[in-house]
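Remarks on the overall topology
What follows is each chain in one-letter form.
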Amino acid sequence: MDLQGKLKEAGLTGNEAKVYLELLKLDSINGSKLAKKVALDRTLTYQILNNLVNKGLVSYLIKKHKKYFQASDPFNLLNKIKEKETFIRDLIPELKKLEKIEETEHEINIYEGIEGLRNLMKEIIKEKSFCSFGATGRAYDVLYELPRITKELGKIGHKARIIMNPEGKGHRMLEMKNIEARFLDIKSEATTTIFGDKVSIHMIKEEPIIIIIKNKHIAESYRNHFELLWKIAKK
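Reference entry: report on the structure contained in this document. Quick caveat: nothing in here was measured; it's all calculated off a predicted structure. (Residues numbered from 1 in each chain as written. Predicted model: local features only at pLDDT ≥ 70, side-chain atom pairs only at ≥ 80, totals over all residues. Heavy atoms only, no water.)

You can see Lys82 is positioned in helix 5 (residues 79-97). With 35 residues separating them along the chain, Lys82 and Leu117 place their C-alpha atoms 67 Å apart. (Helix = DSSP H or I, 4+ residues; strand = E, 2+ residues; numbered from the N terminus.)

Right, dumping it as structure tokens:
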């Protein structure tokens, strides 16, 4: 590959390479004479010279009101690369600050009936604690084994916080020491429970219906809502 071809590989156009190589052989020259030497149109030659000046490869001086051009140090070919390197070095810390998008495992299950309610309770007791709002106490009444399970969980330090309507103040489940209750004057047929990375919504009327959502971000969002309600609920 000849020098002109190598300069093109370095980022110059064919005509830029041609003009720059000619200038390297000369001391200084005005644009008109240079145009004749490289056999290019005068206007085009001046355009190319301006491009090379912007790239730091050509400089000029003025003699008798005329511009005389001369080649700058070939090391200036590295200027664009150094400029990009500086830009990229400044960019890298910004890119590293970007939070990696975490793929969150999610799953939704819907159950019906008493056995579905039992499945929910089995999931809840796997965790060390849970919190519920809109609690009614109906699950405690419907599942005969739940009072015993709740008592056993209390012995091993399992904790529960529930928010319910003041009408439920006399409910027997509140006798359990591991259950702390607060009250809000809001009617609710559905109970929302947050445990681990799961949220359940269940309603017990004629036939229990239970929805369990497994998603860490959803659980955290509901937990934040619960904490706000807990602060304004009355003991």
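Turning our eyes to something else, we now look at the sheet that holds strand 1 (residues 29-30). Reading across the sheet, the 3 strands line up as 1-3-2 and stay open at both edges, with antiparallel pairing between neighbours. On the outer flanks of this sheet lie strand 1 and strand 2 (58-63), each paired with one strand and no other. Relative to strand 3 (residues 66-71), strand 2 is paired through 6 bridges, and the arrangement is antiparallel. Across the sheet, Val58 pairs through a bridge with Ala71, a residue of strand 3. Along the sheet, helix 2 (residues 14-24) makes contact with strand 1, strand 2 and strand 3, crossing strand 3 at roughly 90°. (Pairing = 2+ DSSP bridges. Contact = heavy atoms within 4.5 Å. Axes fitted to C-alpha atoms, helices over the stretch in contact; angles between N-to-C directions.)

What follows is about the pattern of salt bridges. In this structure the tally under the stated criterion is 11 salt bridges. By sharing partners, the salt bridges in this structure join Glu115, Arg118 and Glu145 into a single network. (Salt bridge = Lys/Arg side-chain N within 4 Å of Asp/Glu carboxyl O.)

This part is about the nonpolar core. Formed by 23 residues in total, the largest nonpolar core has its most connected members in Leu117, Leu120, Met121, Ile162, Met164 and Leu174. Of all the elements in the fold, those that place two or more residues in this core are helix 6 (113-124), strand 5 (129-135), helix 7 (138-142), strand 6 (159-164), strand 7 (179-183) and strand 10 (209-215). For this core, the element with the most residues is helix 6, which contributes 4 residues. Beyond its immediate sequence surroundings of up to four residues, Met121 is in contact with Ala139, Leu143 and Leu146. Judged by nonpolar contacts, the second largest core, of 17 residues, contains Leu7, Val19, Val38 and Ile48. (Core = buried A, V, L, I, M, F, W, Y, C linked by side-chain atoms within 4.5 Å. Buried < 20%, exposed > 50% of the residue type's maximum accessible area, 1.4 Å probe, protein only.)

Moving on, we get to the sheet that holds strand 5. Sheet architecture is open: 7 strands sit in the order 4-10-9-8-5-6-7, paired in mixed fashion. Two strands close off the open sheet at either side, each with one partner strand: strand 4 (106-112) and strand 7. This sheet shows a mean twist of 15° between the axes of neighbouring strands, independent of strand direction. Sheet topology places strand 8 (residues 190-195) next to strand 9 (residues 198-203); 6 bridges connect them, and they run antiparallel. Pairing of Phe195 across the sheet is with Lys198, part of strand 9.

Bringing the packing of aromatic side chains into the picture now. Using the criterion set out here, one finds 3 aromatic pairs in the structure. Seen in terms of ring centroids, Tyr60 and Phe69 are 5.9 Å apart; in terms of plane orientation they differ by 55°. Their pairing is tilted. Ring plane angle 25° and centroid distance 5.6 Å describe the contact between Phe226 and Trp230, whose orientation is recorded as stacked. Of the two residues, Phe226 and Trp230 are both situated in helix 9 (residues 216-232); the distance of 4 residues between them amounts to about one turn of the helix. Taken together, Tyr46, Tyr60 and Phe69 form an aromatic cluster joined through their ring pairs. (Phe/Tyr/Trp six-rings, centres within 6.5 Å; stacked < 30°, edge-to-face > 60°.)

Another point: the packing of helix 2 against helix 3 (residues 31-38). Each pair of packed helices can be described by the angle between their axes along with the distance between the axes. Look at helix 2 against helix 3: their axes get within 10 Å of each other, and the N-to-C directions meet at 110°. In this view, helix 2 runs roughly perpendicular relative to helix 3, as classed from their interaxial angle. In this structure, helix 2 crosses over helix 3, and the sense of that crossing is right-handed. Contacts between helix 2 and helix 3 involve Lys18, Val19, Glu22 and Leu23 on the former and, on the latter, Leu34, Lys37 and Val38. In the contact of helix 2 with helix 3, the residues fall into 4 nonpolar, no polar and 3 charged. (Parallel < 35°, antiparallel > 145°, perpendicular 65-115°, else oblique. Left-handed = near helix turned anticlockwise from the far one by under 90°. Nonpolar A, V, L, I, M, F, W, Y, C, P; charged D, E, K, R; others polar.)

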